[in-house]
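The chain contents come next:
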Amino acid sequence: MKKNAGRSEAKIPRVFRGVEEGAKRAEEYPLLVAQEGPLKGQRWQLSETIVLGREPSCDVVVADRQISRFHARLTPTTEGVILEDLGSKNGTHRNGMPITAPVVLQDGDLVSVAMAQQFLFLTSDATMPLLDGVGQPGRLMMDQKSRRVWVNQQQLVPPLSAQQFKLLWLLYESHGQVVSRPDLVSTVWGDEQAAGVSDQALDALIRRLRDRIAALDPTHQYIDTVRGHGIRLDNPSV
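Rules behind the numbers
Residues numbered from 1 in each chain as written. Predicted model: local features only at pLDDT ≥ 70, side-chain atom pairs only at ≥ 80, totals over all residues. Heavy atoms only, no water. Salt bridge = Lys/Arg side-chain N within 4 Å of Asp/Glu carboxyl O. Helix = DSSP H or I, 4+ residues; strand = E, 2+ residues; numbered from the N terminus. Buried < 20%, exposed > 50% of the residue type's maximum accessible area, 1.4 Å probe, protein only. Arc of directions from axis to C-beta. Pairing = 2+ DSSP bridges. Core = buried A, V, L, I, M, F, W, Y, C linked by side-chain atoms within 4.5 Å. Contact = heavy atoms within 4.5 Å. Phe/Tyr/Trp six-rings, centres within 6.5 Å; stacked < 30°, edge-to-face > 60°.

Details of the pattern of salt bridges
- Under the counting rule described, the total for this entry stands at 7 salt bridges.
- With its nearest N and O atoms 3.1 Å apart, the salt bridge here joins arginine 69 to glutamate 55. A residue pair is termed long-range when its members are at least 10 positions apart, and arginine 69 in the loop between β4 (60-61) and β5 (72-77) and glutamate 55 in the loop between β3 (50-53) and β4 qualify at 14 residues.
- Overall, the relative accessible area of 45% leaves arginine 69 in the partly exposed class.
- A salt bridge links aspartate 109 to arginine 94, with the nearest nitrogen and oxygen atoms 3.6 Å apart. One end of the pair, aspartate 109, is in the loop between β9 (103-104) and β10 (110-113); the other, arginine 94, is in strand β7 (residues 92-94), and 15 residues separate them in sequence.
- The network of salt bridges with common partners includes Arg181, Asp199 and Asp203.

Structural notes on helix α3 (residues 181-189)
- All of the buried residues along α3 are Leu184, Val185, Val188 and Trp189. Down the axis of α3, the buried set is contained in an arc of 95°. They therefore lie on one face.

Brief notes about the sheet that holds β4
- What the 5 strands build is an open sheet, ordered β4-β3-β5-β6-β9; its pairing is mixed. Of all strands in the sheet, those bounded by a partner on one side alone are β4 and β9.
- When β3 meets β5, the two strands line up antiparallel, connected through 3 bridges. Among the inter-strand pairings, valine 51 is bridged to a residue of β5, identified as arginine 73.

Focus on the sheet that holds strand β2 (residues 43-45)
- Read across the open sheet, the 6 strands follow the order β2-β1-β11-β10-β7-β8; overall the sheet is antiparallel. The open sheet has two edge strands with one neighbour each: β2 and β8 (97-98).

Things to note about the nonpolar core
- Counting 30 residues, the largest nonpolar core has Leu140, Val149, Leu167 and Leu168 as the members making the most contacts within it.
- When contributions to this core are tallied by element, the ones reaching two or more residues are β12 (140-143), β13 (148-151), α2 (162-173), α3, α5 (199-214) and β16 (230-233).
- For this core, the element with the highest residue contribution is α2, accounting for 7 residues.
- Setting aside chain neighbours within four positions, we find leucine 140 in contact with Val149, Trp150, Val151, Leu168, Tyr172, Ile213, Tyr222, Leu233 and Asn235.

As for the packing of aromatic side chains
- The full count for this structure, using the stated rule, is 3 aromatic pairs.
- Note on phenylalanine 165 and tryptophan 169: the rings are 6.3 Å apart at their centroids and 5° apart in plane angle, and the pair reads as stacked. Here the residue phenylalanine 165 and the residue tryptophan 169 both occupy positions in helix α2, the gap between them amounting to 4 residues, near one helical turn. Both residues of the pair, phenylalanine 165 and tryptophan 169, count as buried.
- Taken together, a centroid distance of 5.6 Å and an interplanar angle of 40° make the contact between tryptophan 169 and tyrosine 172 tilted. Residue tryptophan 169 and its partner tyrosine 172 are located together in helix α2, separated by 3 residues, close to a single helical turn.
- Here a set of aromatic residues connected by ring pairs shows up, and it is made of Phe165, Trp169 and Tyr172.

The structure is reproduced here in structure tokens:
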């Protein structure tokens, strides 16, 4: 693929093209949803390559001095959506970690450009049935596909961060069983980074998640600490 001057020369797999790959419904395209930052609430379907930056000609314009003119690029390919930093001054991050080479995004990843604007990456805008395959309904309900959370029939807005959602989903699908702290760390941070995650980091993540849930239902503590064993979700019936 021919690259623009000054941009990354990393090899990128073939891009989806409507005629070549067949027609796709709009809700089947990956989605980029702006979280914290000046674009909060906006969303873009990733049906083609988009460039993020401060330059008005970019597909997603972030008017912040921390953002480079051409900051990052998202490319839909047959292998998934690839995120690249375009030699920006202040960097591009995935789930809080700076990227140094093109990476394939995973559902629920949090993308940050210069820490000035955050985006949630979703593999699809399609919505699964509300309680698809996970136990009986409770006051807290989750939909993994759309990454939405409801507490007391109220949707949690803005959405949880990728790490918060991974932690809560593991507890949710465990049906009230205690999940060990090592299993939580491994699920949220991944096996490669798990060894460097402190107890304080996990406790801080749990505390932030509790605060988000309590904003909608302060009458019940959904996330319980079972000393010496781990963490469990106490999800009372509706």
